[in-house]
Amino acid sequence: PEERRRRVAPLPAAEAAEESLLRGIFEIGKRSCDVVLSARRLRWSPILPESPAGDSSMILQAQEEIMEMKDVFSVKLKRRRFVGQKKGGTLLGITIFKCLNKGGNKLTDCAIHLNNLSEDHCYLWFRHLKEILNGFQNRPKSLKVFVNPSSHKREATRVYYEQVAPLFKLADIKTDVTVTEYEGHALSILKECELQAFDGVVCVGGDGSVSEVAHGLLLKAQIDAGKDTDYIQKPVRAPVPLGVIPAGTTNILAHTLYGIKHAVTATLHIVMGHIQPVDVCTFSTPNKLLRFGFSAMFGFGARTLALAEKHRWMPSDQRKDFAFIKTLADLKPEECELSFLPVQIPQEDSHMDNRNTLLYLGSKDQWHKIQGHFLNVSIMAIPCLCSMAPRGLAPNTRLNNGSMALIVVQNTSRKEFIKHLKRYASVKNQFNFPFVETYTVQEVKVQPRLKCGLDTKENTDLYAVSSEGGYPWNIDGDLMKEASEVHIQVHPQLINLYGVNTDDLENSQATCNCI
């Protein structure tokens, strides 16, 4: 019988138009494949046997697979080694590691093995693949990492060393790790840190840990720029991006960036160098800068956090549930004056997302004031997504639109307030109540009015303000107390975070299987 020959299919038109760097033969998934590398893609298709002469029914079509090089984050030489052997070994080929979208905003890593026993062949391909990867911008080579071992169920250390560190090592990222020992530890290190030695900073922990690291990163930028850190009118941007690995309870910033609490997803966004500019707020008194942050609550949200912090001896979930129920049972409004500077928008671009959202078209620098008794006041520069509020605590704002959402809940009955809170977990509009108003603003000033003659029967845990030095504020899940006026101002795109808009993430699809 006639000897059967193998044929290599001609390049498709699209690939022919794109300059090929290398073309060769590798075994992929136990099949010999024709593999073509360009700067943008890696393509391969099985090498099929030619049909016997004259038998057109035996003609087979090769199915080509494509991998975008922008999805690749590591390439390694594949070797067979004996037990205990750490170096050398028989070269078997090349392994390529890529980032794969599994849907639901979740990312994972997978490997494709290109087998070939020729060392010259493999080294040539390995060098070209490494050159392509080194050409991608924003991918970090060195990271400063902070791990908070006390966050949530004390799982941050395990999460980092079991799920995060192996991916950093696989991507050849050098790390300098600090396991924090006390509150403020990361801040003290960042203030003295030489940030030019790193491509980014990573925090493994909950919202409070992330808030501290973000504040420290921005404070260090002001110090390096020679700014007066007590009064910062126009802060400078953070010099390096911040990565957030969720290991806390609510993980609001991680949910907002990634759409999911998933350590591997967060790590792969860092490894791939996905950068998202994000707006940041400054929280100040008339005399000093309190901190940088993304969101704050005054009233119910802050009182709940203050009570939870007093019961640190309780397990995390129980402590927060207790504080929520207790604060709700003792529900009382705060008397204060709110001054705000609305966002100025062109008339043709104005639109109402709901009947309680107010966008002002007035003159520039026109401040507005409202006084009264408020159950809760929220100021948020980001949407603040979490599992308990999948649409976000402030769904009408964005990560980098240069504005804040001011959400004011006026005094009402406990029953109506509970209805409002329940809406956050549903698809219904949580602001569609007569006692709730939202504003799109650039600046806010909150001036509490000190209470005189407190009823001795009032709950001292919640309302004995003067004895504890101020009214509680919940800033990014971190408790602060301040008796005087607090001025909040948004600063557009002040920091880069590792992450992408979840809309973009959902649109990306996997283009090949892992083999």
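Quick look at the structure, then. As the structure is a computational prediction, the values presented were derived from the model and not from experiment.

1. Some thoughts on the overall build of the chain
Of regular secondary structure, the chain possesses 12 helices and 24 strands. Of all intrachain contacts in the chain linking residues separated by at least 6 positions in sequence, the fraction that spans at least 24 positions is 71%. In the form shown here, the chain has an accessible surface area of approximately 24,700 Å², with 50% of it arising from carbon and sulfur atoms.

2. Some points on the environment of Leu21
Residue position: Leu21 is located in strand E2 (residues 20-28). For the pair formed by Leu21 and Leu37, sequence separation is 16 residues and the distance between their alpha carbons is 5.6 Å.

3. Here's the deal with the pairing of strand E13 (residues 242-246)
Most of E13 is tucked away, with 5 of its 5 residues classed as buried. Residues Leu242, Val244 and Pro246 of E13 are buried on one face, and the alternating residues Gly243 and Ile245, pointing to the opposite face, are buried as well. Relative to E13, strand E12 (residues 200-205) is paired through 5 bridges, and the arrangement is parallel. Counted as the bridge partner of Val201 is Leu242 from E13. On the question of chirality, the crossover connecting E12 to the parallel E13 by way of helix H5 (residues 207-224) is right-handed.

4. A closer look at the pairing of strand E8 (residues 90-103)
Extensive coverage of E8 is indicated by the burial of 11 of its 14 residues. Alignment of strand E7 (residues 72-80) against E8, held across 8 bridges, turns out to be antiparallel. The partner of Arg79 across the bridge, within E8, is Leu91. Examined bridge by bridge, E8 and strand E9 (residues 106-115) share 10 bridges and lie antiparallel to one another. Residue pairing for E9: Thr95 is matched across the bridge by His113. Connecting E8 to the next strand, E9, in antiparallel fashion are 2 residues, including Gly104 with a positive phi near 65°.

5. Structural notes on the side chain of Ser378
Relative to the elements of secondary structure, Ser378 occurs in strand E19 (residues 368-380). Here Asn376 takes part through its side chain, which lies 3.0 Å from a polar atom of the side chain of Ser378. Ignoring sequence-local partners within four residues, the contact set of Ser378 consists of Ala296, Met297, Ala405, Leu406 and Ile407.

6. Examining helix H8 (residues 300-309)
Since there are 3.6 residues in each turn of an α-helix, residues three or four apart along the chain are aligned in direction. When you tally the buried positions in H8, you get 9 out of 10 residues, the bulk of the element. Within H8, burial applies to Phe300, Gly301, Ala302, Arg303, Thr304, Leu305, Ala306, Leu307 and Ala308.

7. What to know about the packing of aromatic side chains
All told, the structure shown has 11 aromatic pairs when counted by the stated rule. With centroids separated by 5.6 Å and ring planes inclined at 85°, the aromatic side chains of Phe300 and Phe324 adopt a geometry described as edge-to-face. Taken as a pair, Phe300 in helix H8 and Phe324 in helix H9 (residues 316-329) lie far apart in primary sequence, 24 residues in all. Overall, Phe300 belongs to the buried group, its relative accessible area being 7%. Residue class for Phe324 comes out partly exposed when judged on its relative accessible area of 35%. Look at Phe340 and Tyr439: their rings are 4.6 Å apart centre to centre, the planes differ by 40°, and that puts the pair in the tilted class. Of the two residues, Phe340 is situated in strand E17 (residues 334-342) and Tyr439 in strand E21 (residues 436-448); the sequence distance between them amounts to 99 residues. With relative accessibility at 4%, the residue Tyr439 sits in the buried group.

Rules used throughout
- Residues numbered from 1 in each chain as written.
- Predicted model: local features only at pLDDT ≥ 70, side-chain atom pairs only at ≥ 80, totals over all residues.
- Heavy atoms only, no water.
- Helix = DSSP H or I, 4+ residues; strand = E, 2+ residues; numbered from the N terminus.
- Contact = heavy atoms within 4.5 Å.
- Areas by Shrake-Rupley, 256 points an atom, 1.4 Å probe, with all protein chains shown as cover.
- Buried < 20%, exposed > 50% of the residue type's maximum accessible area, 1.4 Å probe, protein only.
- Pairing = 2+ DSSP bridges.
- Right-handed = clockwise from strand over helix to strand, strands pointing away.
- Polar contact = N/O pair within 3.5 Å; in protein donor to acceptor, adjacent residues only side chain to side chain.
- Phe/Tyr/Trp six-rings, centres within 6.5 Å; stacked < 30°, edge-to-face > 60°.

Purely geometric stuff here, so don't read any function into it on its own.
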